[in-house]
Amino acid sequence: MSTAKKDYKRITTKSLFDMKANGEKISMLTAYDYTMAKIVDSAGVDVILVGDSASNVMAGHETTLPITLDQMIYHASSVVRGIDRSLVVVDLPFGSYQSDPKEALRSAIRIMKESGGHAVKLEGGSEIKESIKRILNAGIPVMGHLGLTPQSIYKFGTYTVRAKEEAEAEKLIEDAKLLERIGCFALVLEKIPAALAEKVAKSISIPVIGIGAGGGVDGQVLVLHDMIGMTHEFSPRFLRRYMNLYEDMTQAIGQYVDDVKSQDFPNANEQY
């Protein structure tokens, strides 16, 4: 299997399928606004997820549940304006697809038309298959999401690792194969045992992107604000911080405050 990295001028769902076939790992990060999306895109990230995690990192909510469809469209449209290369996938928020396939389709159409996003992501397997099929039948690409599904946090009661028991692991495998069969172009696996995630990735042809799911999958995703250290309260095992931006920003802002108070800023060269 080749591990040569191809130069993709624009990432599509087919690009991701080819990457898996060629053994090239897929990079994915979240973004929620124009400025960050522009930086992430220019750095070469393959997929930008406009995650419902915006509910946490942008709005300060405890869970992802409160964010609305209108708010997701706002964030997604901001991201789309900042990218040239990345594939933009947008989370369908809680309550916009679970109960009614027709509502799911309406929600997905609004995201595609009003934000310009390239695909949508839904959490769940067999229980939401009719919603996924309805969206796919309209020609809208769908990324699945299994394992820890944060929109179901009150059902689980905890953010602990999922599918450690055999019954849940078997259902996860069945759901992954179902999502492939009905037409999802990729799948996110969140916080499950690495061996199980690798087994899933090898058993289906669509790309499997992990978060807290080990290195045996086809790609990785992290929340941008966690990865660059803007958040500091959240430290799961799977998170690697590539910067400590919280500390750097706090220090820089504190220095600015000191300079203003001491009248060091602005100096003679910083005036007209």
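Everything numeric here is computed off the predicted structure, so don't read it as measured data.

Criteria and thresholds
Residues numbered from 1 in each chain as written. Predicted model: local features only at pLDDT ≥ 70, side-chain atom pairs only at ≥ 80, totals over all residues. Heavy atoms only, no water. Helix = DSSP H or I, 4+ residues; strand = E, 2+ residues; numbered from the N terminus. Buried < 20%, exposed > 50% of the residue type's maximum accessible area, 1.4 Å probe, protein only. Areas by Shrake-Rupley, 256 points an atom, 1.4 Å probe, with all protein chains shown as cover. 1 Å grid on protein atoms, 1.4 Å probe; cavity = no way out; pocket = protein on both sides within 12 Å on 5 of 7 lines; lining within 4 Å. Points joined across faces, edges and corners; volume = space filled by probe spheres on them. Nonpolar A, V, L, I, M, F, W, Y, C, P; charged D, E, K, R; others polar. Core = buried A, V, L, I, M, F, W, Y, C linked by side-chain atoms within 4.5 Å. Contact = heavy atoms within 4.5 Å. Pairing = 2+ DSSP bridges. Axes fitted to C-alpha atoms, helices over the stretch in contact; angles between N-to-C directions. Patch = residues over 30% accessible without salt bridge, like charges linked within 9 Å, V, L, I, M, F, W, Y side chains within 5 Å. Salt bridge = Lys/Arg side-chain N within 4 Å of Asp/Glu carboxyl O.

1. What to know about the overall build of the chain
Each helix and strand counted, the chain has 11 helices and 8 strands in total. Expressed as lengths along the three principal axes of its C-alpha atoms, the size of the chain is roughly 65 × 40 × 35 Å. Put simply, the chain has 272 residues, and 49% of those count as buried. Here the chain has roughly 13900 Å² of accessible surface; of this, 53% comes from carbon and sulfur atoms.

2. Quick look at the layout of surface pockets
Reported here for the largest pocket is a volume of approximately 760 Å³. Grouping the constituent residues of the lining of the largest pocket by class yields 14 nonpolar, 10 polar and 9 charged. Approximately 600 Å³ is the volume found for the second largest pocket. Gly210, Gln220, Val221, Leu222 and Phe238 are, among the 28 residues lining the second largest pocket, the residues nearest its centre. Going through the elements one at a time, strand 1 (26-30), strand 7 (208-211) and strand 8 (219-222) are the ones with two or more residues in the lining of the second largest pocket. Residue composition of the lining of the second largest pocket, by class: 17 nonpolar, 7 polar and 4 charged.

3. A word on the nonpolar core
Counting residues in each nonpolar core, the largest one holds 78 residues, and the members touching the most others are Val120, Leu122, Ile135, Leu187, Leu189 and Val200. Among the elements that line this core, the one with the most residues is helix 4 (residues 69-80), at 6 residues. With near-sequence residues (within four places) excluded, Leu189 lies in contact with Leu146, Leu172, Ala197, Val200, Val208, Ile209, Gly210, Ile211 and Ala213.

4. Side note on the environment of Leu146
Of note, Leu146 is situated in strand 5 (residues 142-147). A sequence separation of 44 residues divides Leu146 from Glu190, and the C-alpha atoms of the two residues are 6.5 Å apart. If sequence neighbours within four positions are ignored, Leu146 has contacts with Gly124, Gly125, Leu172, Asp175, Ala176, Leu179, Leu187, Val188, Leu189 and Glu190.

5. Thoughts on unusual backbone geometry
Among all residues except glycine, the phi angle is most often negative; among peptide bonds, the trans geometry is most common. Note that the residue after Phe265, namely Pro266, is joined by a cis bond; omega there is 0°. Non-glycine residue Lys191 carries a positive phi angle of around 50°. When you line up the elements, Lys191 lands in the loop between strand 6 (186-190) and helix 9 (194-203).

6. Considering the sheet that holds strand 7
Spatially, the 8 strands close up into a barrel ordered 1-2-3-4-5-6-7-8, and their pairing is parallel. Adjacent strand axes in the sheet meet at a mean angle of 25°, parallel and antiparallel pairs treated alike. Bridge count between strand 7 and strand 8: 2 bridges; the pairing is parallel. Opposite Gly210, over in strand 8, you have Gln220 as the bridge partner. The sheet contacts of helix 5 (residues 101-115) involve strand 3 (87-91) and strand 4 (119-121), and relative to strand 4 the element is tilted by about 135°.

7. What to know about a nonpolar patch on the surface
Together, Met249, Ile253, Tyr256, Val257, Val260 and Phe265 line one region of the surface with nonpolar side chains, adding up to about 520 Å² of accessible area. Assignment of secondary structure puts Val260 in helix 11 (residues 245-261).

8. Some remarks on the pairing of strand 3
With 5 of 5 residues buried, strand 3 is to be regarded as a mostly interior element. Residue alternation in strand 3 divides its side chains into two sets, Leu87, Val89 and Asp91 and Val88 and Val90, and both sets are buried. As paired strands, strand 2 (residues 47-50) and strand 3 are joined by 4 bridges and run parallel to one another. Looking at the pairing, Val47 lines up with Leu87 of strand 3. Sheet topology note: the strand 3/strand 4 ladder contains 3 bridges and is parallel. What sits directly across from Asp91, in strand 4, is Lys121.

9. Details of the pattern of salt bridges
Working definition: two side chains of opposite charge can pair if their charged atoms are close together. Going through the model one piece at a time under the given rule, you end up with 11 salt bridges. Arg110 is the partner of Asp70 in a salt bridge, and the nearest nitrogen-oxygen pair spans 2.7 Å. Remark: Arg110 occurs in helix 5 and Asp70 occurs in helix 4; sequence separation between them is 40 residues. A relative accessible area of 29% means that Arg110 is categorised as partly exposed. With a closest N to O distance of 2.5 Å, Asp175 and Lys171 form a salt bridge.

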